[in-house]
Amino acid sequence: QVQLVESGGGLVQAGDSLRLSCLGSGFTFSSYRMGWFRQAPGKEREFVAGISWSGGTREYEDSVKGRFTISRDNAKNTLYLQMNSLKPEDTAVYYCAADPRGNYGLVYRHVYDYWGQGTQVTVSS
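If you're wondering where the values come from, they're calculated on a predicted model, not measured in any experiment. (Residues numbered from 1 in each chain as written. Predicted model: local features only at pLDDT ≥ 70, side-chain atom pairs only at ≥ 80, totals over all residues. Heavy atoms only, no water.)

(A) Broad picture of the overall build of the protein chain. Helix and strand counts for the protein chain come out as 0 helices and 11 strands. Ordering the α and β elements of the protein chain from the N terminus gives β-β-β-β-β-β-β-β-β-β-β. The globule rule puts the C-alpha radius of gyration for 125 residues at 14 Å, and the 13 Å found for the protein chain is close to it. A principal-axis box enclosing the C-alpha atoms of the protein chain has dimensions of 40 × 25 × 25 Å. Within the protein chain, the fraction of its 125 residues that count as buried is 42%. Excluding contacts between residues fewer than 6 apart, the proportion of contacts in the protein chain whose partners are at least 24 apart in sequence is 58%. For the protein chain, the computed accessible surface area is about 6,200 Å², with 45% contributed by carbon and sulfur atoms. The distance from the centre of the 13 positive side-chain charges to the centre of the 12 negative ones in the protein chain is 3 Å. (Helix = DSSP H or I, 4+ residues; strand = E, 2+ residues; numbered from the N terminus. Rg over C-alpha atoms; globule rule 2.2 N^0.38 Å. Buried < 20%, exposed > 50% of the residue type's maximum accessible area, 1.4 Å probe, protein only. Contact = heavy atoms within 4.5 Å. Areas by Shrake-Rupley, 256 points an atom, 1.4 Å probe, with all protein chains shown as cover. Lys, Arg positive; Asp, Glu negative; His and termini not counted. Charge placed at Lys NZ, Arg CZ, Asp CG, Glu CD.)

(B) Representation of the packing of aromatic side chains within the structure. Counting across every chain of the model gives 7 aromatic pairs. The interplanar angle of 50 degrees and the centroid separation of 6.3 Å between the aromatic rings of Tyr32 and Tyr114 together place this pair among those described as tilted. Of the two residues, Tyr32 sits in the loop between strand E3 (18–25) and strand E4 (33–39) while Tyr114 sits in strand E10 (residues 114–115), which places them 82 residues apart along the sequence. Among the residues examined, Tyr32 registers a relative accessible area of 13% and is labelled buried. The class for Tyr114 is partly exposed, based on a relative accessible area of 31%. Taken together, the ring pairs in this structure connect Phe27, Phe29, Tyr32 and Tyr114 into an aromatic cluster. Of note, Arg33 hangs over the ring of Trp53, and the distance from its end group to the ring centre comes to 5.8 Å. (Phe/Tyr/Trp six-rings, centres within 6.5 Å; stacked < 30°, edge-to-face > 60°. Lys NZ or Arg CZ within 6 Å of the ring centre and 35° of its normal.)

(C) View of the environment of Gly50. Locating Gly50 in the fold gives a position in strand E5 (residues 46–51). We classify Gly50 as buried; its relative accessible area is 0%. Spatially, the C-alpha atoms of Gly50 and Ser71 are 8.9 Å apart, while their sequence positions differ by 21 residues.

(D) The state of the cysteines, seen in detail. Here the structure, examined in full by the defined rule, presents 1 disulfide. Residue Cys22 pairs covalently with Cys96 via a disulfide, S to S 2.0 Å. Between Cys22 and Cys96, the disulfide has an S-S torsion of 45 degrees and is therefore right-handed. Remark: Cys96 occurs in strand E9 (residues 92–99) and Cys22 occurs in strand E3; sequence separation between them is 74 residues. Cys96 gets classed as buried once you look at its relative accessible area, which sits at 0%. (Disulfide = S-S within 2.5 Å.)

Printed below as a string of structure tokens:
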């Protein structure tokens, strides 16, 4: 079955960098669009970044533009999120997600059928 496993989270200071990874298995990774979402305590899960099948299209939430970079390595079935200049407001559980159809915009939660278990990112001030 489809599995997504995130890794790379942790506790860092403001201004530091982290790289999250998401390893996919049980499906043809290159045939799925992929995305990163995050959820802070007491808040809705929100879109962070999304990427098309071969990486030609990438979209970002406004607050992370210029700081975060989404990428994928289809040969390794792995999705990445490079996070630079981290801020305390980036603190959240980060989830990767897979979209099997690609019919709507990357930003929409409902297009993603499969989700990982999440990895905690905590940024101290």
